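Topology and contacts: notes
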Amino acid sequence: MNMSIKWNALAQTAGISFVVTVAIVTVFALGIMALSRRETAVAAGSSGKGTVALAGASLCFAACAAAVLYGLSLIAA
Amino acid sequence: MEHISFLVAVVIITALAFDFTNGFHDTANAMATSIATGALKPKVAVAISAVLNFAGAFLSVKVATTISGGIVNEKTGLQPSIIFAALAGAILWNLVTWLRGLPSSSSHALYGGLIGATVVGVGLHGVNFGVVVSKILIPAVASPIVAGLAAWGATKLAYRITRKNSTEATNKGFRKGQIFSASLISLAHGTNDAQKTMGIITLALVSVGALPKHALPPTWVIVAAGGAIAAGTYMGGWRIIRSMGKGLTDIQAPQGFASESAAATVILTSSHMGYGLSTTQVVSGGIMGAGLGGPKAEVHWSMARRMVYTWGLTLPAAALVAGAAAFVADKGTWGVLVVGAVLVAGSAGMWVLSRRQPVTAGNVNEVTPVDVAAPVTPTPASTTVAA
């Protein structure tokens, strides 16, 4: 009976999972916030601010999309 | 030879039946919170999940070369009768928990079945208990906690960042996100779980010399396994979806997205590190964490307790049933027939019992707990008492 438990690998898995989850949800939430700011700015007639907010939102969602693609590559590997 | 080829046919059919129960048992994992928050309509959700489970079956055959991941000693060659008994135990436990609306791990049911059947058929030395502890038990305890913590933190941040938005805009955004996170879980599920069935069928074919040793699953096996899990997924498993989506906590779109992201991340990270953990337990842990991290900070602990008890019971219960099945099936063709008859009769009986309080796509989002002991018109007092 071999009972060598790799606590290191376990802790690593847990830590990475925590950080990645919080990071993805944070970035996605920032994207939603930026999108909402754009709507407010456009409604107020300030297109300059709106464009900046839209660019920020796009960046956030693109980062999330990249994370999903990386996830897909892990599944297919 | 006659007996063996008959047995292999039985194993293939039973493996596909297990794959089917695995499908509807685990639909909730990917889709329960998306259905509960209204991100996807129930029928649309199960259709997407079914398609992705099927697609997932084609993505990889890496896991399919070993069905137990070293839990039982496969070197001596797993006897088809042991595999058959293991599957019988796993199917029956999956159906009992489905009837009660309890999400339990299909993988643990299969592992439990393999352990029980191996102990009876081969002996205690056939099971690597060290691997059982390090690859199953420890991840089973750790993974829901990790997913719960991650979902809790992510939920807190999601609410904090979007606090100046209108609730409507926030929910709309997170619902869209949920479609992606749920899809990723479905795909990962199809890849992992359909491969187990492929592995079982392939090993059974190898054992009678229909395939060379170390053969990869033939295309028809991949299609059949993917098809069975997709068909099961499309059935919905509405009883479990209700428990997970409505029974644990009142979940809103940001919480749904946080819990699904946590689950997807934990599942992918762990399988990358070689831990075979239970999607069911990870998702449930994520939902509880998201419930506690939300504005109401609540979890229905009575439901959570029932789930945790079920998780603890899954492995030993499936092992017991499979052990008994292995004992009978080992007696020859008539033994296999007896086990098969008990399996079919038991499954049919549980389906009939489920009709007493049917849960469908139409009423999946009601909050009445699922319980067979309840009368057709549920009264609050009797529905929460477990039979």
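Cut-offs and rules
- Residues numbered from 1 in each chain as written.
- Chains lettered and ligands numbered in written order.
- Predicted model: local features only at pLDDT ≥ 70, side-chain atom pairs only at ≥ 80, totals over all residues.
- Heavy atoms only, no water.
- Helix = DSSP H or I, 4+ residues; strand = E, 2+ residues; numbered from the N terminus.
- Rg over C-alpha atoms; globule rule 2.2 N^0.38 Å.
- Buried < 20%, exposed > 50% of the residue type's maximum accessible area, 1.4 Å probe, protein only.
- Areas by Shrake-Rupley, 256 points an atom, 1.4 Å probe, with all protein chains shown as cover.
- Expected span 1.5 Å × (residues − 1).
- Bend = angle between axes of the 7 residues up to and from the residue.
- Phe/Tyr/Trp six-rings, centres within 6.5 Å; stacked < 30°, edge-to-face > 60°.
- Lys NZ or Arg CZ within 6 Å of the ring centre and 35° of its normal.
- 1 Å grid on protein atoms, 1.4 Å probe; cavity = no way out; pocket = protein on both sides within 12 Å on 5 of 7 lines; lining within 4 Å.
- Points joined across faces, edges and corners; volume = space filled by probe spheres on them.
- Nonpolar A, V, L, I, M, F, W, Y, C, P; charged D, E, K, R; others polar.
- pLDDT = per-residue confidence, 0-100.
- Contact = heavy atoms within 4.5 Å.
- Buried area = accessible area lost by both parts, 1.4 Å probe.
- Salt bridge = Lys/Arg side-chain N within 4 Å of Asp/Glu carboxyl O.
- Polar contact = N/O pair within 3.5 Å; in protein donor to acceptor, adjacent residues only side chain to side chain.

1. Quick word on the overall build of chain A
- Assigned secondary structure in chain A consists of two helices and zero strands.
- Computed over its C-alpha atoms, the radius of gyration of chain A comes to 19 Å, more than 25% above the 11 Å expected for a compact globule of 77 residues.
- Seen through its principal axes, chain A has C-alpha atoms that stretch 70 × 25 × 10 Å.
- Counting across all 77 residues of chain A, residues that qualify as buried make up 31%.
- Of the roughly 4,500 Å² of accessible surface on chain A, 71% is carried by carbon and sulfur atoms.

2. What about helix 5 (residues 129–161) of chain B?
- Compared with an ideal rise of 1.5 Å per residue, which puts 33 residues at 48 Å, helix 5 of chain B spans 46 Å between its outermost C-alpha atoms and is within 8% of the ideal.
- A bend of about 40° at proline 139 of chain B is the largest found in helix 5 of chain B.

3. Quick notes on the packing of aromatic side chains
- Taken as a whole and assessed by the stated rule, the structure comprises seven aromatic pairs over all chains.
- Taking the centre distance of 5.6 Å and the plane angle of 45° together, the rings of phenylalanine 28 of chain A and phenylalanine 174 of chain B count as tilted. Here phenylalanine 174 of chain B lies in helix 6 (residues 167–207) and phenylalanine 28 of chain A lies in helix 1 (residues 7–43), a pairing that spans two chains.
- Assessed through its relative accessible area of 8%, phenylalanine 28 of chain A is described here as buried.
- Here the basic side chain of arginine 239 of chain B rests over the ring of tryptophan 98 of chain B, its NZ or CZ set 5.5 Å away from the ring centre.
- Sitting over the face of the ring of phenylalanine 327 of chain B, lysine 331 of chain B holds its NZ or CZ atom 4.3 Å from the ring centroid.

4. Here's the deal with empty space enclosed by the protein
Residues and elements named next belong to chain B.
- This structure, assessed with the given rule, holds two cavities of 30 Å³ or more.
- Volume-wise, the largest cavity comes out at about 40 Å³.
- Of all the secondary-structure elements, those providing two or more residues to the lining of the largest cavity are helix 1 (2–36), helix 2 (42–57) and helix 6.
- With five residues, the single largest contributor to the lining of the largest cavity is helix 1.
- Across the lining of the largest cavity, the residue classes tally to one nonpolar, eight polar and one charged.

5. Things to note about the confidence of the model for chain B
- Across chain B, pLDDT averages 85, with 90% of residues at or above 70.
- Counted against residues more than four places away or in other chains, residues 373–387 of chain B, with its pLDDT under 50, gives 17 contacts.

6. Let's talk about the interface of chain B and chain A
- Of the residues lining the interface, 39 residues belong to chain B; the matching set on chain A comes to 32 residues.
- Approximately 3,000 Å² of surface area, both sides summed, lies buried where chain B meets chain A, with 80% of it carried by carbon and sulfur atoms.
- The interface formed by chain B and chain A contains zero salt bridges.
- Where chain B packs against chain A, one counts two residue pairs in polar contact (both at pLDDT 80 or more).
- Of all the elements in the fold, those that place two or more residues in the side of chain B that touches chain A are helix 5, helix 6 and helix 9 (253–273) of chain B.
- Ranked by residue count, the leading element in the side of chain B that touches chain A is helix 5 of chain B, at 13 residues.
- When its residues are assigned to classes, the side of chain B that touches chain A shows 23 nonpolar, 15 polar and one charged.

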